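# Descriptive analysis of the structure
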Amino acid sequence: MNAPFRADSPRYDYLIVGAGFAGSVLAERLASQHGARVLLIDRRPHVGGNAYDQPNEAGILYHKYGPHIFHTNSDQVVDYLSQFTEWRPYEHRVLAHVRGKLVPIPINRTTLNELFDLDLKTDEEAAAYLASRAEPVEEIRTSEDVVINAVGRELYELFFRGYTRKQWDLDPSELDKQVTARIPTRTNTDDRYFTDTFQAMPRDGYTAMFKRMLNNPLIEVRTGIDFRDVRDTVDYGHLIFTGPVDEYFDFRFGKLPYRSLKFDHQTLEQEQFQQTGTVNYPSEDVPFTRISEYKHLTGQKSDVTTVTYEYPSAEGDPYYPIPRPENQELFKKYEALADQTEGVTFVGRLATYRYYNMDQIVGQALATFRRMDEKHRAGRPQETAVAAE
């Protein structure tokens, strides 16, 4: 248990709220490069944010907040994180349970052949088949429009509509086109979920990587601490806030809407549960969206296995900003307020109301540090800032 802050506690150059990727990367950079004294706090009882992993009672390393698969095209991000971890090569594969079959997702030539009993042999044949099913949409405005325009209504119904309705509690016709705009459809037989140049998992897990990152005598880590409880008792020069931006301003304009997740972790008395790391269940007849099995990700050997069922939820920790125009308008009000707030840097997913992959958050934090570093070298004080993309 953390000791309370005392009146004679030291002055910190930076108070950083949130010990996920954004906060931890900035803590490490500021301490190691500027010799800054940093207090890093998190309301959860651990570092690592949503990427936190730990061994369960059976010794299986699992991800408490659902599977986190590392992939990136950024050499800079890989080089940075490689200071704190070795890597286990891993290419994530996902199957979708559709019409009683398990088929690759994203949709590829194998998916089409297995689902429709076809014999498409080339990319050109697969492209022609998808084109024959596509239903052109004159003006693409919603997620539904994106998918139907690309692959037609039957594939939309099978793979996207139910999954999206479960994930967001909204029909794709009610969601911004960005939700499905980046979902690829392949004409080859590449069944990897991601195609990034670097795909691997931290060899000893994410938590071990975070602990090495924060292993600096200039960084004091306090977990189980809420910012509201210490904001007026800690002596610090500059605040870096990675929590929800609407919460920082006491929900002045109302709450920013998020979707959350509930996790059902189960350890099973069998060596393997499913063929791949994740299996999606798009049908609305099934209450969960996917099941993930961690031994595929970690390479662990054991007679037992741990899986996680994911259930989207309206209540709980904020995970996914709901991409609708009115929500972005609400965020813009908070963003303007943040821009006017002196002595605070807002960075990370929750502070910028955007869903970022892990590598994007690391990149954002490194870019934020570079801007702070320029001011530091120029002898200028840190000012307010909302991290750019």
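These notes cover the structure that comes with them. Here the structure is a predicted model, which is why all the values come from computation and not from measurement.

## What to know about the overall build of the chain
For the chain, the count of helices and strands is 14 helices and 18 strands. The dimensions of the chain, computed from C-alpha atoms along their principal axes, are 75 × 50 × 35 Å. When each of the 389 residues of the chain is scored for burial, the buried share is 56%. Considering only contacts within the chain whose residues lie at least 6 apart along the sequence, 72% involve residues at least 24 apart. In the form shown here, the chain has an accessible surface area of approximately 18400 Å², with 45% of it arising from carbon and sulfur atoms. Where the 46 positive side-chain charges of the chain centre and where its 59 negative ones centre are 2 Å apart.

## Observations regarding the sheet that holds strand S9 (residues 198–202)
Taken in spatial order, the three strands make up an open sheet running S5-S9-S6, and their pairing is antiparallel. A single partner strand is all that each edge strand has here, and the edge strands are strand S5 (71–72) and strand S6 (87–89). Alignment of S5 against S9, held across two bridges, turns out to be antiparallel. Note that in S9 the partner of Thr72 across the bridge is Phe198.

## A few points about the sheet that holds strand S14 (residues 290–293)
Two pairing modes exist for strands in a sheet, parallel and antiparallel, and in both the strands are linked by backbone hydrogen bonds. Taken in spatial order, the seven strands line up as S8-S7-S13-S14-S15-S12-S16 in an open sheet, and their pairing is mixed. Two strands lie at the open edges of the sheet, namely strand S8 (101–105) and strand S16 (320–321), each paired on one side alone. Pairing of strand S13 (residues 278–280) with S14, which is carried by three bridges, proceeds in the antiparallel orientation. Across the sheet, residue Val279 finds its bridge partner in S14, namely Ile291. Sitting on the sheet, helix H3 (residues 109–116) is in contact with strand S7 (94–98) and S8, with an inclination near 160 degrees to S8. With respect to the sheet, helix H6 (residues 153–168) is in contact with S7, S8, strand S12 (258–268), S13, S14, strand S15 (305–313) and S16, its orientation differing from that of S12 by roughly 105 degrees.

## A short note on the pattern of salt bridges
Summed over the entire model, instances satisfying the criterion amount to 26 salt bridges. A salt bridge links Glu28 to Arg29; the nearest nitrogen and oxygen atoms lie 2.7 Å apart. Just as Glu28 is buried, Arg29 falls in that class too. Shared partners join several salt bridges into a network, and the residues in it are Glu91, Arg93, Asp190, Asp191 and Arg192.

## Side note on the packing of H3 against helix H4 (residues 123–133)
Interhelical geometry of H3 versus H4 gives an angle of 65 degrees and a closest axis separation of 10 Å. Crossing geometry of H3 relative to H4 is assigned as left-handed. Side by side, H3 and H4 meet where Arg109, Leu112 and Phe116 of the first sit next to Asp123, Ala126, Tyr129, Leu130 and Arg133 of the second. Here the residues of the contact of H3 with H4 are counted per class, giving five nonpolar, no polar and three charged.

## Notes on the pairing of S14
Judged from the four bridges that link them, S14 and S15 form a sheet pairing that is antiparallel. Along S15, the bridge assignment pairs Arg290 with Glu310.

## Some thoughts on the side chain of Arg259
Its location among the elements puts Arg259 in strand S12. The buried charged residue Arg259 lacks any salt bridge partner; its closest oppositely charged side chain belongs to Asp169, at an N-O distance of 4.5 Å. Among the polar contacts listed, one links the side chain of Arg259 to the backbone oxygen of Gln167, at a separation of 2.8 Å. Excluding its chain neighbours within four sequence positions, the residues that come into contact with Arg259 are Lys166, Gln167, Trp168, Asp169, Pro312, Ser313, Ala314, Asp317, Pro318, Tyr319, Tyr320 and Ile322.

## What to know about the environment of Val286
Note that Val286 resides in the loop between S13 and S14. Between the C-alpha atom of Val286 and that of Tyr163, which follows or precedes it by 123 residues, the distance is 9.7 Å. For Val286, the contacting residues outside a window of four places in its chain are Lys166 and Tyr281.

## Here's the deal with unusual backbone geometry
With an omega of 0 degrees, the peptide bond between Ile105 and Pro106 qualifies as cis. Of note, the phi angle at Asp250 is positive, near 55 degrees, even though the residue is not glycine. Along the chain, the position of Asp250 falls in the loop between helix H10 (245–248) and S12. When its relative accessible area of 57% is taken as the criterion, Asp250 is described as exposed.

## Considering the pairing of strand S2 (residues 38–42)
Within S2, five of the five residues are buried, which leaves the element mostly enclosed by the surrounding structure. Alternating positions in S2 separate into two faces, Val38, Leu40 and Asp42 on one and Leu39 and Ile41 on the other, with burial throughout. Pairing analysis gives four bridges linking strand S1 (residues 12–17) to S2, with the strands arranged parallel. When the sheet's bridge partners are listed, Ile16 is paired in S2 with Leu40. Following the backbone out of S1, through helix H1 (residues 21–34) and into the adjacent parallel S2, one traces a crossover that is right-handed.

Thresholds applied
- Residues numbered from 1 in each chain as written.
- Predicted model: local features only at pLDDT ≥ 70, side-chain atom pairs only at ≥ 80, totals over all residues.
- Heavy atoms only, no water.
- Helix = DSSP H or I, 4+ residues; strand = E, 2+ residues; numbered from the N terminus.
- Buried < 20%, exposed > 50% of the residue type's maximum accessible area, 1.4 Å probe, protein only.
- Contact = heavy atoms within 4.5 Å.
- Areas by Shrake-Rupley, 256 points an atom, 1.4 Å probe, with all protein chains shown as cover.
- Lys, Arg positive; Asp, Glu negative; His and termini not counted.
- Charge placed at Lys NZ, Arg CZ, Asp CG, Glu CD.
- Pairing = 2+ DSSP bridges.
- Axes fitted to C-alpha atoms, helices over the stretch in contact; angles between N-to-C directions.
- Salt bridge = Lys/Arg side-chain N within 4 Å of Asp/Glu carboxyl O.
- Left-handed = near helix turned anticlockwise from the far one by under 90°.
- Nonpolar A, V, L, I, M, F, W, Y, C, P; charged D, E, K, R; others polar.
- Polar contact = N/O pair within 3.5 Å; in protein donor to acceptor, adjacent residues only side chain to side chain.
- Right-handed = clockwise from strand over helix to strand, strands pointing away.

Function cannot be read off these values alone, since they describe shape.
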